[in-house]
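If you want the building blocks of each chain, they are given just below.
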Amino acid sequence: MNTNLPFLEIECCQLNKMGQSVCGDDFQWARLENENRHIAVLSDGLGSGIKANLLANMTTTMALRFMRSNMDILQSAETIMDSLPVCEVRKISYATFSMVDIHDEGKTRIIEMGNPTYIHLRGTEEILPEGHSQLISQRWPDREMEVWSTSLQLGDRLVICSDGVTQAGLGQQRFKFGWRRQGCLEFIQKKLFQMPEMSARELSECVSSEALFIDPQKKCRDDISCLVIYYRRPRTLRLLTGPPFHREDDARFASLAVSGADQVIVCGGTTANILNRELHTQVSINMKRIRGDDSLPPPGMMKGVGLTTEGILTLTRVASDLESGNWENAPEAAKEIIEKLLASDCIEFIVGTKVNEAHQDPSLPIDLEIRRNIVKRLKEILVNRYRKNVEIMYI
């Protein structure tokens, strides 16, 4: 895995309007490997609830398809507007959108219609776009699009919000005209001054939470969406699990635990024993962290390496919790692995291929898959749901 290339961390935090079961905003993204591009769309559907969600989802789906095919921007927007159903109450078909097209070298194009103007930060300094044009559709003369171009450098962030963020607190004594873009910008600058390495996920959650807390009653009076794109050096994690097929590969296997990654996780007792022998180190477990209701053995720390856990059972639980999106009550070992995976960008699984006969016992639970299948399942989840770069190496 080439960890010298810049990494794009893309995260969107969304909060539903109070009383609604779904968000009236929608976010979609795609990585175009062959073109070295990332594309993303955030749309705000008219109103709230199911109808708004459908409008927004139609918009993001079409916009993403048009961006993939490099269709003309004005033609794309007109097609989207022509396709949206008409609201029975307001007699208009409408959804705002922000489209982002980023090449790996940082060249960026942003197209906005109706959404608040994006924020581009280099550290805590706001960067103004390098180019701008305005397009007006002949078929939809009341719809104006802003087309921006800029260039990202390592450490830059883009923040794109729905008006549920900028209009938060609207009509209140402190925010008669809402939080507005300037208020959001100043809040983000303050947060980044305090935590310069804040992840895109953390920042999007902070902005969304602050927009909610601005309301005196802490009620979400409109759908809130905050998309953050962070262009930076990748954070790498290496996870080793299972013994190598040939014992003579143990030394090379162990060396992978102490070179070339920012963080390392060791899953499996046999795997840990190999590293103990080859690296002359040992695992320590803090017994105070053991919880009575944990269904998994507690995590440990291997000196000079990193987090150490049980193997197949723990990875199976990690995969299940990542699929569900809920790990608040996960056992300590699974929760720590999940947090480290989500805090990383490039993840390498080093998988030993020696069969452990214990995992072929038919009396064990049916979801106790063999090691290779669990790792493949994890890769699919991490790539498709959490936008991670993942590679698997068998040894």
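Quick caveat: nothing in here was measured; it's all calculated off a predicted structure.

Engineer: I tried to follow unusual backbone geometry on my own but got confused; where do I start?
Structural biologist: It is generally the case that most residues other than glycine have a negative phi and that most peptide bonds are trans. For Asn 70, which is not glycine, the phi torsion reads 60° and is therefore positive. By secondary structure assignment, the location of Asn 70 is in the loop between helix 1 (49–68) and helix 2 (73–83). For Lys 218, which is not glycine, the phi torsion reads 55° and is therefore positive. For Lys 218, the position within the fold is in the loop between helix 5 (200–213) and strand 11 (224–232).

Engineer: Is there a simple way to explain the pairing of strand 16 (residues 306–309) in this structure?
Structural biologist: Residues in a regular strand point their side chains to alternate faces of the sheet. Pairing of strand 13 (residues 263–267) with strand 16, which is carried by 3 bridges, proceeds in the parallel orientation. Opposite Val 266, over in strand 16, you have Thr 308 as the bridge partner. The sheet contact formed by strand 15 (residues 300–302) and strand 16 spans 3 bridges and is antiparallel. The residue of strand 16 that forms the bridge with Met 301 is Leu 307.

Engineer: Looking at this structure, how should I read the side chain of Asp 156?
Structural biologist: In this fold, Asp 156 is placed in strand 10 (residues 156–161). Of note is the side chain of Asp 156, whose polar atom sits 2.9 Å from the side chain of His 120. If we ignore the near neighbours within four places in the chain, the residues touching Asp 156 are His 120, Leu 121, Arg 122, Ser 151, Ile 229, Tyr 230 and Tyr 231.

Engineer: Teacher, can you tell me more about the nonpolar core here?
Structural biologist: Note on soluble globular proteins: their nonpolar side chains tend to be buried together. Counting residues in each nonpolar core, the largest one holds 27 residues, and the members touching the most others are Leu 239, Val 318, Leu 322, Ile 337, Leu 341, Phe 349 and Leu 378. Among the secondary structure elements, those contributing two or more residues to this core are strand 12 (236–241), strand 13, helix 8 (312–324), helix 9 (332–342), strand 17 (346–351) and helix 10 (371–384). Excluding residues within four positions of it along the chain, Phe 349 makes contact with Leu 239, Val 375, Leu 378, Leu 382, Val 390, Glu 391, Ile 392 and Met 393.

Engineer: What should I look at first to understand the confidence of the model for the protein in this one?
Structural biologist: As a general rule, the predicted coordinates of low-pLDDT regions are not to be interpreted in detail. The predicted model of the protein has a mean per-residue pLDDT of 88, with 91% of residues at 70 or higher. Ranking the elements of the protein by mean pLDDT puts strand 8 (residues 131–136) last, at 78, and strand 10 first, at 97.

Engineer: Looking at this structure, I do not really get the pairing of strand 11. What am I missing?
Structural biologist: Among the 9 residues that make up strand 11, 9 are buried, leaving the element largely enclosed by the rest of the structure. Burial along strand 11 is two-sided: the face carrying Ile 224, Cys 226, Val 228, Tyr 230 and Arg 232 and the face carrying Ser 225, Leu 227, Ile 229 and Tyr 231 are both buried. Examined bridge by bridge, strand 1 (residues 7–15) and strand 11 share 9 bridges and lie antiparallel to one another. Counterpart to Cys 12 in the pairing with strand 11 is Leu 227. Relative to strand 11, strand 10 is paired through 6 bridges, and the arrangement is antiparallel. Note on strand 11: the bridge partner recorded for Cys 161 is Cys 226.

Engineer: Sorry, what's going on with the state of the cysteines here?
Structural biologist: Structurally, a disulfide amounts to a covalent bond that connects the sulfur atoms of two cysteines. Applying the stated criterion across every chain, the model contains 0 disulfides. No disulfide involves Cys 184; its nearest neighbouring cysteine sulfur is the one of Cys 161, lying 4.3 Å away. Cys 206 takes part in no disulfide bond, and the closest cysteine sulfur to it belongs to Cys 13, at a distance of 9.4 Å.

Engineer: Honestly, the sheet that holds strand 13 in this entry has me stumped. Any pointers?
Structural biologist: By way of backbone hydrogen bonds, the strands of a sheet pair with one another, either parallel or antiparallel. Read from one edge of the open sheet, 7 strands run 14-15-16-13-12-17-18, paired in mixed fashion. Edge positions in the sheet fall to strand 14 (283–284) and strand 18 (389–394), since each has one partner strand and no second. Across the sheet, helix 7 (residues 269–279) lies against strand 12, strand 13, strand 14, strand 15 and strand 16, angled at about 120° from strand 13, the strand it touches most.

Engineer: Would you explain the packing of helix 1 against helix 2 in this entry?
Structural biologist: When two helices pack together, their arrangement is given by the angle between the helix axes and by the axis-to-axis distance. Across the interface, helix 1 lies against helix 2 with an axial gap of 10 Å and an inter-helix angle of 150°. As the angle between them shows, helix 1 and helix 2 are arranged roughly antiparallel. Crossing angle aside, the handedness with which helix 1 passes helix 2 is right-handed. Taking contact as the criterion, the partners of Met 58, Thr 59, Met 62, Ala 63 and Phe 66 in helix 1 are, on helix 2, Ser 76, Thr 79, Ile 80 and Ser 83.

The rules we used
- Residues numbered from 1 in each chain as written.
- Predicted model: local features only at pLDDT ≥ 70, side-chain atom pairs only at ≥ 80, totals over all residues.
- Heavy atoms only, no water.
- Helix = DSSP H or I, 4+ residues; strand = E, 2+ residues; numbered from the N terminus.
- Pairing = 2+ DSSP bridges.
- Polar contact = N/O pair within 3.5 Å; in protein donor to acceptor, adjacent residues only side chain to side chain.
- Contact = heavy atoms within 4.5 Å.
- Core = buried A, V, L, I, M, F, W, Y, C linked by side-chain atoms within 4.5 Å.
- Buried < 20%, exposed > 50% of the residue type's maximum accessible area, 1.4 Å probe, protein only.
- pLDDT = per-residue confidence, 0-100.
- Disulfide = S-S within 2.5 Å.
- Axes fitted to C-alpha atoms, helices over the stretch in contact; angles between N-to-C directions.
- Parallel < 35°, antiparallel > 145°, perpendicular 65-115°, else oblique.
- Left-handed = near helix turned anticlockwise from the far one by under 90°.

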